[in-house]
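Single-letter residue listing:
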Amino acid sequence: MQQFEATAGEKWEQVFEANPSGRPKFYITVAYPYPSGAMHVGHGRTYIVPDVIARFWRMRGFEVLYPMAFHVTGAPVIGISKRIARGDEKAIYLYRDLYKVPPEVLAQFTNPLEIVRHFSEEYQRVMKSCGLSIDWRRRFTTVDPTYSKFIEWQWKHLGEGNHVVKGAHPVRYCPQCENPVGDHDLLEGDKAEILKFTLVMFRYGDSLIPTATLRPETIYGVTNLWVNPAVTYVKVNVDGKNWIVSQEAADKILLQDHTVEVIERIPGTSLIDQKVSHPLCGEVPVLPAGFVDPDMASGLVMSVPAHAPFDYIALRDLQRAGKYTDIQPIPLITVPGYGKVPAKEAVEREGVESQMDSRMDSLTQEVYAAEFSSGKLFDTYGGKPVRVARDDVAALMIQQYGSTVMYEFDNRTVVCRCGSRVYVKILHDQWFLQYSDPKWKAQVSGHLKDMSLVPPEVRVEFDRTVDWLKDWACTRRVGLGTRLPWDPAWLIEPLSDSTIYMAYYTIAHRIREFAPETLTPEVFEYIFLGKESPGLPEREKLGKLREEFLYWYPYNYRFSAKDLISNHLTFQIFHHVAIFPKQFLPRGMVVFGMGLLNGAKMSSSKGNVFLLEDAVQEFGADTVRMFLVGSAEPWQDFDWRNELVMSTKKQIERFWNTIIESSQSDESDTEIDMWLISRLQHHIGKTTESLQKFQTRQALQEAFFGVEADLKWYRRRISDGSKGHSSLKELCSVWIRLMAPIIPFTSEQLWSETGEIGLASFAAWPEVDDARIYPEIELAEELLFRTVEDIESIMKLIQITPSSLTLCVAPGWKHQIFKTIARSADRSQVIKEIMKDENMRAHGKDATDAIRQCTTLIHRLPPQIVEAFANGALDEENIFNGAASFLEKEFGIPVKVIPADPGIYAKAAAALPFKPAIIIE
RNA sequence: GCGGGGAUAGCCAAGCCUGGUCAACGGCGAUAGACUCAAGAUCUAUUCUCGCAGGAGUUCGUCGGUUCAAAUCCGGCUCCCCGCACCA
């Protein structure tokens, strides 16, 4: 069956190119890929689900735009190419063995642009093989010169709107490479966080001793400083003042905005027992402690034994040796669940005896966390919660007491690929997108309210992200990208150059006709904002671009995986509101779940991936599509399992065979055909409704399994030897179209096989024909179906060989009771109501029994059936007589239908409406 | 820590918003039968327990509550997953 996928591919060449027309438009976009590796089936779903939606709306008569481009800005490919050049085994394995890059191509990967070039070609090829209905004329990459011009315009606009501001920014930095290092460039320590220490300045003679702390608010509880007697410290001149720090610290400070000059070496021992002072805690002594790490921040710490387990235990050790017995912990924070001195309590509870105990770190974590989340300073120190006081005190120290900030990793083993130690460096003149701006945030929140978000649950996540976003460092020194127009030393960071490119798609194919150097900001001001200015190049041609933009924008839906909510998806709303007027702002977003492979998370780095191309090769594109779209709703995580994919393949084969067989039927229709057509209307309605709500799984259930189940019953009902009636032809035509968005290759082929004109991809989507919904026929068929099920279950239980079947249908008065109950709103009153009727009273106990049984039955039947029953007439005897030959064929015994008469069969008394008494002899 | 999402039969998974269509859709796996020399594919049946008349009992993480009625609503508890950024 895969051979015709190539045929369909040819038919589709260029047909999905979308142009402004008189029809209504539907514009969807997907986050474009960063082509640094091969596509796996997880990527496949990201692009296939939107394709199903695109095909659906196209068939509904909309002009649908589904474009694609490639994001190649950023640093990862540079790291990859370096690693490949160096012969890094892991990288080579990934590209040569997992992604199956041919050796001659791999050899060129030493050039990063070759990597993205190779994989973007591969992406396009694989996307085509999946049948994605993309307008490929609009394809671009983010390093195209025209795209750079577009970015320059965008940033000029943002700059003028005061959305971009300058600041300093700490980064991981390799002194040997003289560059900031990203995650991809690290040998170890990729999870290390940059912590912000406050240096608390203690005065010591003519010098300052900066002690590093994450908890400046505890200054009020300082009893002493700790110095490691085994370490030799240095006296250095920092920005004109003398500091005493470790040698390691001196090196680090140098990278953090300070001038540093070493004056002399000072052995740790010479500091012991000296007095130092700070205005907020007075004079305190310097004590020795082995746990003080010269390679952590400044290399010296202040001691708050009441609240820091390390400090407490070090002091206790000294005091046990009889020293410094006059020093007492000074508590300053109350924490629920702890007494006066939390550090002491924690240490004693765990029975920790030594500062080298392995439990000390977790103990410290615990006390810190408790105090931060629920601690409060004593009233004498202001009474504020710790989380507030921390920032307040830090600010106070910086303003009044000469404190400064020092950045340091939380763990010390951060190593660059080059083998050199990585430090924290403060980058100057860093540019930030000011997402913290409350006015900007308010605009974004305001617009979010008007957006359609699918599934609705993600709305809270968006709201929270908008609330929480801080300024974003939006420029980089290294990588591929566009230079910042007013400060060309900087490159625009990759997430920041991908916020409004959906607007660029509208003109991508036409703007290529312009020389990049003619694309001034004024040109884009005109295209996107309609602002005329003198000297626009080729004004007439530009008008066409403006028309495209006006026709397509805003986009209707953007699709993306859910991990982009906290950055890209929210950023793009920020940028849209900053640049475009209200009528061009995004309309909606659909957020996707992640992919699993045999129950485990898909991950290229772990090798746990299934390449999309291999999947298409092995199973066929339609199978892959149907599986990815049908195994879970888009926003749910899906699990790729080969055995399930295999059964999907069989389903498609079944579909194919059914259509081919059925389209030959041409006997004239009977009542069962009316049933089939009537049922079909429901499937059309539900499939349409589901696809409108992006519920691809639900849509498939209706369009495929729903129709298939009906067909199964239909075949059972028609007489032996018949291939079916002419209604099947109609059903086939509808069925092919219902399935076309999901399995377009198969549908396209079947469409021409069955003699239909044109392409299935552009055929009209089936509409529900209300006039052909026949509730009575459906109800009658339902009655028959349920009765057959009952008969089967009885046959299974009884042991006799049946010789005849008798159906006893319930008398009219029971129908009357059933209807009365079904229609009544208050079912507790219904007994009285019915028994008012003299005719009913005449049945005595039978009537009350019937009422009880009918009530139970009504609760057990689907509400639609009860309603249909209540509102229509149902001649059960007639229905069963009509189906008698069917029943005889099914069970192979004579069938008789009679009114229920307990005089003949005792069981007949049990006959209820919709549930005839069944007598098997 | 903060925020979000979950827990359903051997496995995957629907249902939950809008309580009775629920012993609980669908699929995988398993078992039996038909077809076949055979295997595979396909089709049929069974797959919580009991039952020789369409039934009954016990189930939807756990404990409790509301209701004539709870997988579904409310509260407590236990456990699991994801995000917390300077980057695709």
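Residues numbered from 1 in each chain as written. Chains lettered and ligands numbered in written order. Predicted model: local features only at pLDDT ≥ 70, side-chain atom pairs only at ≥ 80, totals over all residues. Heavy atoms only, no water.

## Regarding the overall build of chain A
The helix and strand tally for chain A stands at 34 helices and 31 strands. Relative to the compact-globule value of 29 Å for 921 residues, chain A shows a C-alpha radius of gyration of 38 Å, a clear excess of over 25%. Along the three orthogonal principal directions, the C-alpha set of chain A runs to about 115 × 75 × 50 Å. A buried classification covers 55% of the 921 residues belonging to chain A. If you sum the accessible surface of chain A, you get close to 39,500 Å²; carbon and sulfur atoms cover 51% of it. In chain A, the 102 positive side-chain charges and the 120 negative ones have mean positions that sit 2 Å from each other. (Helix = DSSP H or I, 4+ residues; strand = E, 2+ residues; numbered from the N terminus. Rg over C-alpha atoms; globule rule 2.2 N^0.38 Å. Buried < 20%, exposed > 50% of the residue type's maximum accessible area, 1.4 Å probe, protein only. Areas by Shrake-Rupley, 256 points an atom, 1.4 Å probe, with all protein chains shown as cover. Lys, Arg positive; Asp, Glu negative; His and termini not counted. Charge placed at Lys NZ, Arg CZ, Asp CG, Glu CD.)

## Quick notes on helix α12 (residues 386-400)
Under the 1.5 Å per step criterion, the end-to-end length of α12 is 20 Å for 15 residues, consistent within 8% with the ideal 21 Å. Where α12 is concerned, the buried positions are Val386, Ala389, Arg390, Val393, Ala394 and Met397. Burial along α12 is one-sided: seen end-on, the buried residues are contained in an arc of 130°. Away from the buried face of α12 by more than 90 degrees, exposed residues Asp391, Gln399 and Gln400 are located. One or two residues past the end of α12 sits Gly402, with phi positive at roughly 70°. (Expected span 1.5 Å × (residues − 1). Arc of directions from axis to C-beta.)

## Description of the sheet that holds strand β2 (residues 63-65)
Strand order in the open sheet formed by five strands is β2-β1-β24-β25-β20, with parallel pairing between adjacent strands. At either end of the open sheet lies a strand with only one pairing partner, and these are β2 and β20 (452-454). Averaged over all pairs of adjacent strands, the angle between their axes in this sheet comes to 15°, without regard to strand direction. With three bridges connecting them, strand β1 (residues 25-30) and strand β24 (residues 557-561) associate as parallel partners. Among the inter-strand pairings, Thr29 is bridged to a residue of β24, identified as Arg558. Where helix α19 (residues 568-579) meets the sheet, its contacts fall on β24 and β25 (588-592), and the angle it forms with β24 comes to roughly 150°. (Pairing = 2+ DSSP bridges. Axes fitted to C-alpha atoms, helices over the stretch in contact; angles between N-to-C directions. Contact = heavy atoms within 4.5 Å.)

## Points about the pairing of strand β19 (residues 423-433)
Of all eleven residues making up β19, eight are buried, and the element is well covered by its neighbours. Bridge count for strand β3 (residues 164-174) against β19 is nine bridges, and the pairing is antiparallel. Looking at β19, one finds that Arg172 is bridged to Val424. With two bridges joining them, β19 and strand β21 (residues 472-473) adopt antiparallel strand pairing. In the strand pairing of β21, Leu433 is matched with Trp472.

## Details of the protein's contact with RNA strand B
Taken together, 46 residues surround RNA strand B, and among them Tyr34, Pro494, Asn567, Lys650 and Ile920 come closest. Sugar and phosphate atoms form 53% of the subset of RNA strand B atoms that lie within 4 Å of the protein. Measuring from a phosphate oxygen of RNA strand B, one finds a side-chain N or O atom of Lys712 at 3.3 Å. Elements that contribute at least two residues to the surface near RNA strand B include exactly α14 (459-468), β21, α22 (642-662), α24 (696-717), α27 (775-797), α31 (845-860) and β31 (917-920). (Near = heavy atom within 4 Å. Polar contact = N/O pair within 3.5 Å; in protein donor to acceptor, adjacent residues only side chain to side chain.)

## A few points about the domain arrangement of chain A
Structurally, chain A comprises domain 1 (1-141 + 498-506 + 553-640), domain 2 (193-412), domain 3 (515-548), domain 4 (656-773) and domain 5 (798-920). Each of domain 1 and domain 2 was reduced to a C-alpha centroid, and the two centroids are 51 Å apart. (Domains from an automatic or database assignment.)

## Side note on the layout of surface pockets
In this structure, the second largest pocket spans a volume of roughly 1,400 Å³. Forming the boundary of the second largest pocket are 41 residues, of which Phe197, Leu214, Met296, Thr364 and Tyr368 lie nearest the centre. No other element matches helix α11 (residues 360-374), which puts seven residues into the lining of the second largest pocket. Among the residues making up the lining of the second largest pocket, the classes are represented as 21 nonpolar, eight polar and twelve charged. (1 Å grid on protein atoms, 1.4 Å probe; cavity = no way out; pocket = protein on both sides within 12 Å on 5 of 7 lines; lining within 4 Å. Points joined across faces, edges and corners; volume = space filled by probe spheres on them. Nonpolar A, V, L, I, M, F, W, Y, C, P; charged D, E, K, R; others polar.)

## Description of the pattern of salt bridges
For the structure shown, the criterion picks out 41 salt bridges. Among the ionic pairs, Lys128 bridges to Glu13, the shortest N-O distance being 3.8 Å. Here the residue Lys128 occupies a position in helix α6 (residues 112-129), and Glu13 occupies one in the loop between α1 (3-11) and β1, the gap between them amounting to 115 residues. Given a relative accessible area of 37%, Lys128 falls into the partly exposed group. For Glu13, a relative accessible area of 47% gives the class partly exposed. Among the ionic pairs, Glu152 bridges to Lys149, the shortest N-O distance being 3.8 Å. With Glu152 and Lys149 both in helix α7 (residues 145-160) and three residues apart, this pair spans about one turn of that helix. Lys149 sits in the partly exposed class, given a relative accessible area of 24%. Residues participating in the shared-partner salt-bridge network are Glu17, Asp135, Arg137, Arg138, Arg510 and Glu548. (Salt bridge = Lys/Arg side-chain N within 4 Å of Asp/Glu carboxyl O.)

## Notes on the environment of Asp666
Checked against the element boundaries, Asp666 lands in the loop between α22 and α23 (671-692). A residue is classified by how much of its surface remains accessible, and Asp666, at 58% relative accessible area, is exposed. For the pair Asp666 and Ile78, spaced 588 residues apart in the sequence, the C-alpha separation amounts to 65 Å. Excluding residues that lie within four positions of it along the chain, Asp666 makes contacts with Gly724, Ser726 and Lys729.

## Considerations on a nonpolar patch on the surface
On the surface, a cluster of nonpolar side chains totalling about 300 Å² of accessible area is made up of Leu797, Ile798 and Ile800. Within the element layout of this structure, Ile800 appears in the loop between α27 and β29 (805-809). For Ile800, a relative accessible area of 48% gives the class partly exposed. (Patch = residues over 30% accessible without salt bridge, like charges linked within 9 Å, V, L, I, M, F, W, Y side chains within 5 Å.)

## Comments concerning the nonpolar core
Core analysis: the biggest nonpolar cluster contains 153 residues, and Tyr95 and Trp640 have the highest contact counts within it. For this core, the element with the highest residue contribution is helix α2 (residues 41-59), accounting for ten residues. What Tyr95 contacts, discounting residues up to four positions off in sequence, is Ser36, Gly37, Ile80, Ile84, Lys100, Val101, Leu106, Phe109 and Phe119. With 69 residues, the next largest nonpolar core counts Leu427, Tyr504, Ile527 and Phe549 among its residues. (Core = buried A, V, L, I, M, F, W, Y, C linked by side-chain atoms within 4.5 Å.)

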